[in-house]
Amino acid sequence: VDDGILETAAALQPIFVRRIAIPGNEGTFREGASGPRSETGYPGGSVWKAELSKLQVPESAVVLYAEGNCGPDGLSWNTRSESDDFLRVACERGWTRAVVVTTPSHILRVLLTLVKALIDREQKMQLFSVTPRSVSWEKRAYHSQGMQQLPRVEHIGEEWRRIAPYRENGSLCSFQELADFLRAQ
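The structure displayed is predicted, hence computed values, not measured ones. (Residues numbered from 1 in each chain as written. Predicted model: local features only at pLDDT ≥ 70, side-chain atom pairs only at ≥ 80, totals over all residues. Heavy atoms only, no water.)

K.L.:
Please provide a residue-by-residue account of the packing of helix 1 (residues 5-12) against helix 2 (residues 45-54), values included.
P.N.:
One way to put it is that helix 1 packs onto helix 2 with a least axis distance of 10 Å and a crossing angle of 50 degrees. The angle between helix 1 and helix 2 places the two elements in the oblique class. The crossing of helix 1 and helix 2 is right-handed. From helix 1, Ile-5, Leu-6 and Ala-10 reach across to helix 2, where they touch Trp-48, Glu-51 and Leu-52. Its residues assigned to classes, the contact of helix 1 with helix 2 comprises 5 nonpolar, no polar and 1 charged. (Axes fitted to C-alpha atoms, helices over the stretch in contact; angles between N-to-C directions. Helix = DSSP H or I, 4+ residues; strand = E, 2+ residues; numbered from the N terminus. Parallel < 35°, antiparallel > 145°, perpendicular 65-115°, else oblique. Left-handed = near helix turned anticlockwise from the far one by under 90°. Contact = heavy atoms within 4.5 Å. Nonpolar A, V, L, I, M, F, W, Y, C, P; charged D, E, K, R; others polar.)

Structure below.
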């Protein structure tokens, strides 16, 4: 269900991280909050929180953000709106460091998104990225908010194709801005 993300996060807690922040929304909706729920996209914060509990992560260590069925634009949450809300919660809680855990095919776009959100908010935070140790690259998995099922290896190209248009709409920082951010850490 989570491509090893939760197991990886659970392994980091409590040794390297005190809290695990996950999107609290109740999953992916195909046509915004009023549309049908996708059975193939993100299963929702309550599902992942229960899975983390099975992995011996204390409930007190799990922080939900991006709650509700839709993002601020009235549509399903996406990487940018989740990043903005995560940074809001991080600021409120005084967090200055975060470990980002996601799939290898998604990590670049997540970092480009988070760094852009940090720049836009003029917020300071150290970011570290981790991906699951083992990924079955030929396994078919859903992508793009549950709309596409492809072998994981093909998700790399799908993510790459998203970068230019998302950069143009202001959701992502440039590669130079990411490099500058990483050098400054």
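Read on, since the account is not over.
K.L.:
Any chance you could break down the nonpolar core for me, citing the residues and the numbers?
P.N.:
Where a protein is soluble and globular, its nonpolar side chains tend to be buried together. Counting residues in hydrophobic clusters, the biggest one holds 25 residues, and the most contacted among them are Phe-86, Leu-87, Leu-114, Met-125 and Leu-127. For this core, the elements supplying multiple residues, two or more each, are strand 2 (62-65), helix 3 (79-93), strand 3 (97-101), helix 4 (107-121) and helix 6 (175-184). With 8 residues, the single largest contributor to this core is helix 4. If we ignore the near neighbours within four places in the chain, the residues touching Phe-86 are Ala-21, Tyr-65, Trp-95, Ala-98, Leu-114 and Met-125. Ranked by size, the runner-up nonpolar core spans 14 residues in total, among them Ile-5, Ala-10, Leu-12 and Tyr-42. (Core = buried A, V, L, I, M, F, W, Y, C linked by side-chain atoms within 4.5 Å. Buried < 20%, exposed > 50% of the residue type's maximum accessible area, 1.4 Å probe, protein only.)

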